[in-house]
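# Close look at the chain arrangement
So the chains spell out like this:
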Amino acid sequence: MLGRAQLSWDVMSATNSTLLSLALADYLPPECQTPSWRLHSRSIGDHIVGYKAPADLFPGHHLVYCPLQKTASQLCADGTDPMHSPGAPYTRRMWAGGSLEFRDDRFCLDAHPVVCRERVVDVAEKGAEDDPDRKIFVVVLREYMRASDYGMDPERSMTRGIAEHRTLVFMRGQDKEEARARLAKEQETVKTLKAHHPPDATITLTPTPTLLFQYSALTFNAHSIHLDPEYCREVEGRRNLLVHGPLSLTLMLSLLQSRLEQNEKICNIDYRNLAPLYVNEPLHVCVRRIDRGDETGNTGQEDGPAVVGGPRRWEVWVEGPERGLSVRGTAVTTITDAQHQKNKRLTNLQKKKGSKNHQQNTGPRNRWRNRGPLKHVS
C-alpha cells in the first residue's frame, strides 16, 4: 500500500466555502463564523458583487476543496476510497485522527487553480493475525498547494500550502449477528474519559441528518456511516449515523479561530478521535489556552496578547452528550510581522473601498449591494 498516490484538482472558488458556511450557520454562534459571513456576505452572489478583494480561506474550509474524484462504481461497497483500503477482510473503516499544518497564507477565494497530492505514507498493524479485533492503521498525507507551486512535478517536495495527515483505522468485516452483538455491548458498556481542565469557551450543538448530508455532499463523501442508519446498525454495529471526523475538526478550528487576535493565525493542530459522535445527540466543542502568551510558552503566566513570533498553545476537544471526551487535540497559533502588515493593508483597503461604495450605491437598484465598509479580512 505504501506509495499509493493520486491527484485532485480544483479552483479556489468562493462557492465551496460559502456553502459550508451556510451548512454551519444554524449551529455556530456568529463569532465562530467566517469574517465574510459576519460582514453579511451570506450568499455566493454577495461574494461576487460585494467583495473587491478575495477573502482568505477560513481554517478548516480547505476540507471542501479537492475532494475525491471517482465514480460510484470505483468506490468500495461502503462508499469509501479504495486507495486507502488494505483489502478484505478489513472492510470497515473509521477516522482515527490526524494533523494539520498551515504552511503559508497563499490560499484565498480568488478562483486560482489548486491541486491536492495524496499519498499513503504509513501502514501499521495492531493485533495478531488471528485476532478478530485486529486493526490496520493507514496514514494518508494530503498536500494542498497552488497549481503554480506544484509545477507538474509529482516528486517535488511541498513546502507551501497546507499539509494534512489523516489516520484511518480498518477493521474486519462482520455479519449481522456480530454487528447486533457489538451494538448491544456498546449500549451496555459506556466508558468515558473526562477533560482534565474546564474550557475557556464552549459551543454546544446537535448535529442533524441534514447537516451530515450537506457535509457529505460538500466533501463528496459517500461513506455509508454518515448517510444510512440501517447500515450503521446492521453492518457497523452502531446505534445511528456517525458525525464525520473532518466535521469535528472543522468545528474545533472554528471555535479556536474565534479566540484569536486579529493578526493571529493557526499554525498547526493535532487531534485523536476517542469515541464516536452521533446524529441527533448534543456535542460540546471546547477550547482552552494552555499558556498565557509569553514567548517561551511557559504555563501559568498572566493572560496577555499574542507576541509577534511567539507561539500560543491550546487544547481543543469535543465532548459527547455525557461530557465524555470524543475528540482531543492540541494546537499552536502565532502572529508574524508579515501577517500583521498584510492585515493592516487589507483593513485600510477595505475601509477605503467600503466608504466609496457607501457614497455611490445609494439608489434602490444598488441598495442590496451595499454591505458597508469591511473591517478586516483575516
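Shown above is the structure to which this text applies.
Reference entry: report on the structure contained in this document. Bear in mind the structure is a predicted one, so any value in this text is a computation, not a measurement.

Moving on: the pattern of salt bridges. Applying the stated criterion to the full structure yields 15 salt bridges. Here Glu143 makes a salt bridge to Arg117, at a shortest N to O gap of 2.7 Å. Within this pair, whereas Glu143 is found in strand 4 (residues 135–146), its partner Arg117 is found in strand 3 (residues 113–126), the two being separated by 26 residues in sequence. Two residues, Glu164 and Arg166, come together in a salt bridge whose shortest N-O distance is 3.0 Å. By the burial criterion, Glu164 is buried, and Arg166 matches it. Several salt bridges converge on common partners, so that one network encompasses Arg117, Arg119 and Glu143.

Here we take up the side chain of Arg134. Mapped onto the fold, Arg134 is located in the loop between strand 3 and strand 4. At a separation of 3.1 Å, a polar atom in the side chain of Arg134 contacts the main-chain carbonyl oxygen of Gly127. In this view, Arg134 contacts Tyr90, Glu125, Lys126, Gly127, Ala128, Glu129, Phe170, Met171 and Arg172; residues no more than four positions away in its chain are not counted.

Another point: the pairing of strand 1 (residues 5–11). Covered by surrounding structure in strand 1 are Gln6, Ser8 and Asp10 only, the residues Ala5, Leu7, Trp9 and Val11 on the alternate face being uncovered. With 7 bridges joining them, strand 1 and strand 3 adopt antiparallel strand pairing. What sits directly across from Leu7, in strand 3, is Arg117.

Glancing now at the nonpolar core. One finds Leu247, Leu249, Leu251, Met252, Leu256 and Val285 to be the most contacted residues of the largest nonpolar core, which totals 70 residues. Per element, the largest residue contribution to this core is 7 residues, and it comes from helix 8 (residues 245–258). What Leu249 contacts, discounting residues up to four positions off in sequence, is Leu63, Leu100, Ile269 and Tyr271.

For the peptide bond that leads from Ala88 to Pro89, omega is 5 degrees, which places it in the cis range. With respect to the element layout, Pro89 can be found in the loop between helix 3 (44–50) and strand 2 (92–102). The phi angle at Cys66 is positive, at roughly 50 degrees, despite the residue not being glycine. For Cys66, the position within the fold is in the loop between helix 3 and strand 2. When its relative accessible area of 1% is taken as the criterion, Cys66 is described as buried. Despite not being glycine, Arg323 shows a phi value in the positive range, around 65 degrees. Positionally, Arg323 belongs in the loop between strand 9 (312–319) and strand 10 (325–334).

Attention now goes to the environment of Asp133. As for its placement among the helices and strands, Asp133 is situated in the loop between strand 3 and strand 4. Asp133 gets classed as exposed once you look at its relative accessible area, which sits at 55%. Residues Asp133 and Arg172, 39 residues apart in the sequence, show an inter-C-alpha distance of 7.3 Å.

Another aspect to go through is the side chain of Glu319. Structurally, Glu319 is set in strand 9. A polar side-chain atom of Glu319 sits 2.5 Å from a polar atom in the side chain of Arg323. Setting aside chain neighbours within four positions, we find Glu319 in contact with Ala195, Leu277, Pro282, Leu283, His284, Cys286, Gly324 and Ser326.

Calculation criteria
Counting restarts for each chain: residues are numbered from 1 in the order of the written sequence. Selection of residues for local features in this predicted model requires a pLDDT of at least 70, selection of side-chain atom pairs for listing and counting requires 80 or more, and totals for whole chains, interfaces and linings are taken over all residues. The basis for every side-chain value is the complete set of non-hydrogen atoms in the structure, without hydrogens or water. For this analysis, a salt bridge means a side-chain nitrogen from Lys or Arg found within 4 Å of a carboxyl oxygen belonging to Asp or Glu. Helix numbers and strand numbers start at the N terminus; a helix is a DSSP run of H or I with at least 4 residues, a strand a run of E with at least 2. Classification of residues uses two cut-offs on accessible area relative to the type maximum, computed with a 1.4 Å probe and protein chains only: under 20% is buried, over 50% is exposed, and between them is partly exposed. Here a polar contact means two N or O atoms within 3.5 Å. Within protein one must be a hydrogen donor candidate and the other an acceptor candidate, and residues neighboring in sequence count only if both atoms are side-chain atoms. By definition in these notes, contact holds between two residues if any of their heavy atoms fall within 4.5 Å. The criterion for strand pairing is that DSSP finds at least two bridges linking the strands in question. In plain words, nonpolar cores are sets of buried Ala, Val, Leu, Ile, Met, Phe, Trp, Tyr and Cys residues tied together by side-chain atoms within 4.5 Å.

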